[in-house]
Protein chains: 2
Amino acid sequence: MARGTRESPPTSIQATVIEEMRGRIISGAVEPGTLLSELALAEEYGVSRTPVREALKQLQTEGLVEIRPRVGTFVTIPSRREITELFEMKELLEGAAARLLAQRGRVPEVDLLEANLRESDEAVARDDRERYAELVHDFHDLLVRGADNHKLEAHYRTLMNQLAYPRLVMTSLNRPGRPFESDREHHRVLELVLAKDGDSAERVMREHVRESRRALLAGLPVIGDGPGSR
Amino acid sequence: MARGTRESPPTSIQATVIEEMRGRIISGAVEPGTLLSELALAEEYGVSRTPVREALKQLQTEGLVEIRPRVGTFVTIPSRREITELFEMKELLEGAAARLLAQRGRVPEVDLLEANLRESDEAVARDDRERYAELVHDFHDLLVRGADNHKLEAHYRTLMNQLAYPRLVMTSLNRPGRPFESDREHHRVLELVLAKDGDSAERVMREHVRESRRALLAGLPVIGDGPGSR
DNA sequence: TTACGATCTCTTGCATGCCAGAGCCGTAGC
DNA sequence: GCTACGGCTCTGGCATGCAAGAGATCGTAA
């Protein structure tokens, strides 16, 4: 599954290729639909096709590329349906994370979340959307980590990679008033977590995800449906 | 992701190996901890190491095997912690599936679920635990499919494969009275789905999963903690 | 001008060979 | 008897070469 961090010592070639390519895809450095030739990548990285091939195969299972046998490997173009599904999963998993975190009580992640919100308030106050986007990312990341369920975390990361989320956050934050609302919603969630009210924390977190999705899709150009909407 | 079914025409060698090995692992035909040598498997299937290697790599991302570089590939031994996490995810995803299904209204899967419960009642009545175990599996499968969210379904399948669930179901059903309770809980869930009460369907489904987990762990021998509990 | 077809090129799938790291086992020294 | 060391064997990591399928392209014929 998506291991965004960790493991620097046993840097096998394919692990390097995986991280590199994953970074390019989720950052948008390579456009969806782009052909990723094994040979071209191998030459670019100065390695043989084998590790590249294995890296692409893993990225396929992560849903980031699509390997069409004997044709080519392409950066996945998410269909509208898939995006909807991904947001459903985001809502689901983050909601669950909020619940689990609330059940755990005061753990280090909660302190970090409080610090995050303090800085978020400042960023919103001075309308620093760039910085606030980072803080939003950190907030959600901390929440999921705080749930202390590695499976949940791994699957969450995989799904968010498919959304290429970092690119999208800015879109939603550019809507007037959205940063302020977002920040307030974060506060409500954390309050409920501190109150150890798992049920409510989950519910409010879900609402927050739905709101952010709405804000995002409203500011997004229409995306052509990919071929794979069944 | 785990594609349990589909895709017979483009049967590449590695796809064959993946399905075969996955089947062996989740059915318990190979013990957890077993060494899976690339060379041995290649000879067994009469192919070269390459497709075997790629198959094992995919099974690793599915969490079914663990590749220790330069050492060997082993069937994953889930730690107690991982099992707990997997059940948390099961509760989460099946609960969400129940909610989503309830929102969809009367779809074909609902009819199939009703048929499933009719047969389940009979199986329980005549104490046919073998058959009832199958029906339980179908029930949960239908529920998740009925949620009509491919991402949810794919991740659910992956997680359940890690649990090697089919092997476990019988354990819980051997507890006196458990089949009857289980069947009744299924009925309650479906009733709420039919009433389109998503909130309650999710809540009851979660309770059901927790109950089945309890029944299962109670009848299970203590498993030694794997090394990989971080 | 258009439609069809052969060919040609690019793609991945698979086989094979070599290499380095890890672990094991036997042996030698204490 | 115990410990430490050295080689041996097994493991996967990687490089490379060939084959087959898919798609584009260009020429030819209607």
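Note that the structure is predicted; figures quoted are calculated from it, not measured.

**Some details on the UniProt feature "domain: HTH gntR-type" (unreviewed entry) in chain A**
- The UniProt entry lists residues 11-78 of chain A under the feature "domain: HTH gntR-type" (unreviewed entry), expressed in the numbering used here.
- Annotation note: span residues 11-78 of chain A, helix share 53%, strand share 12%, distance between end C-alpha atoms 30 Å.

**Quick notes on the protein's contact with DNA strand D**
- Around DNA strand D, the structure places 19 residues, and the nearest of them are Ile13, Ser48 and Thr50 of chain A together with Arg53 and Arg70 of chain B.
- The sugar-phosphate share of atoms of DNA strand D within 4 Å of the protein amounts to 64%.
- Within the side chain of Ser48 of chain A, a nitrogen or oxygen atom sits 2.6 Å from a phosphate oxygen of DNA strand D.
- Arg70 of chain B is positioned with one of its side-chain polar atoms (N or O) 2.3 Å from a base nitrogen of DNA strand D.
- Listed by contribution, the elements that provide at least two residues to the surface near DNA strand D are helix 1 (13-27) and helix 3 (49-61) of chain A together with helix 3 (49-61) and strand 2 (72-75) of chain B.
- The element that contributes the greatest number of residues to the surface near DNA strand D is helix 3 of chain A, accounting for 3 residues.

**Here we look at the packing of aromatic side chains**
- Counting across every chain of the model gives 0 aromatic pairs over all chains.
- Just above the ring of Tyr165 of chain A sits the side chain of Lys90 of chain A; from NZ or CZ to the centre is 4.2 Å.

**Focus: the pairing of strand 1 (residues 65-68) of chain A**
Residues and elements named next belong to chain A.
- Where strand 1 lies against strand 2 (residues 72-75), 4 bridges are found, and the strand directions are antiparallel. Within the sheet, the bridge partner assigned to Arg68 lies in strand 2 and is Gly72.
- Counting the residues between successive antiparallel strands, the hairpin from strand 1 to strand 2 contains 3 residues, one of them, Arg70, with a positive phi of roughly 65°.

**Overview of the protein's contact with DNA strand C**
- Within the structure, DNA strand C sits among 19 residues, and Arg53 and Arg70 of chain A together with Ile13, Ser48 and Thr50 of chain B are positioned closest to it.
- Per the 4 Å cut-off to the protein, sugar and phosphate atoms form 67% of the nearby atoms of DNA strand C.
- For DNA strand C, a phosphate oxygen lies 3.2 Å from a polar atom in the backbone of Glu38 of chain A.
- A distance of 3.2 Å separates a base oxygen of DNA strand C from a polar atom in the side chain of Arg49 of chain A.
- Of all the secondary structure elements, the ones that give two or more residues to the surface near DNA strand C are helix 3 and strand 2 of chain A together with helix 1 (13-27) and helix 3 of chain B.
- Counting residues per element, the surface near DNA strand C draws most heavily on helix 3 of chain B, which supplies 3 residues.

**Re the environment of Arg129 of chain B**
All names here are of chain B.
- With respect to the helices and strands, the residue Arg129 is situated in helix 6 (residues 129-146).
- Judged by relative accessible area, Arg129 falls into the partly exposed class, the value being 31%.
- In this structure, the C-alpha to C-alpha distance between Arg129 and Ser172, residues 43 residues apart in sequence, is 10 Å.
- Contact partners of Arg129, with chain neighbours within four places excluded, come to Met170, Leu173, Asn174 and Pro179.
- In this structure the side chain of Arg129 is engaged in a polar contact, spanning 2.9 Å, whose partner is the side chain of Asn174.

**Let's talk about the interface of chain B and chain A**
- Each partner contributes residues to the interface: chain B has 31 residues there, and chain A has 32 residues.
- Roughly 3100 Å² is buried in total at the junction of chain B and chain A, and carbon and sulfur atoms are behind 50% of that figure.
- If you sort the residues of chain B by the area they bury against chain A, Thr61, Lys151 and His155 of chain B come out on top, with a joint share of 20%.
- Joining chain B to chain A, the criterion identifies 8 salt bridges.
- Between Glu82 of chain B and Lys151 of chain A there is a salt bridge whose closest N-O contact spans 3.6 Å.
- For the pair chain B and chain A, the number of links is 22 residue pairs in polar contact (both at pLDDT 80 or more).
- Those elements that place two or more of their residues in the side of chain B that touches chain A are helix 3, helix 4 (80-104), helix 7 (150-163) and helix 10 (198-218) of chain B.
- Of all the elements, helix 4 of chain B adds the most residues to the side of chain B that touches chain A, at 11 residues.

**Describing the nonpolar core**
- In this structure, Leu152 of chain A together with Leu152 of chain B are the most contacted members of the largest nonpolar core, which totals 90 residues.
- Among residues more than four places away in sequence, those in contact with Leu152 of chain B are Met89 and Leu92 of chain A together with Leu93, Ala96, Ala97, Leu100 and Val144 of chain B.

The rules behind the values
Residues numbered from 1 in each chain as written. Chains lettered and ligands numbered in written order. Predicted model: local features only at pLDDT ≥ 70, side-chain atom pairs only at ≥ 80, totals over all residues. Heavy atoms only, no water. UniProt positions renumbered as here; feature names shortened; annotations may be inferred. Helix = DSSP H or I, 4+ residues; strand = E, 2+ residues; numbered from the N terminus. Near = heavy atom within 4 Å. Polar contact = N/O pair within 3.5 Å; in protein donor to acceptor, adjacent residues only side chain to side chain. Phe/Tyr/Trp six-rings, centres within 6.5 Å; stacked < 30°, edge-to-face > 60°. Lys NZ or Arg CZ within 6 Å of the ring centre and 35° of its normal. Pairing = 2+ DSSP bridges. Buried < 20%, exposed > 50% of the residue type's maximum accessible area, 1.4 Å probe, protein only. Contact = heavy atoms within 4.5 Å. Buried area = accessible area lost by both parts, 1.4 Å probe. Salt bridge = Lys/Arg side-chain N within 4 Å of Asp/Glu carboxyl O. Core = buried A, V, L, I, M, F, W, Y, C linked by side-chain atoms within 4.5 Å.

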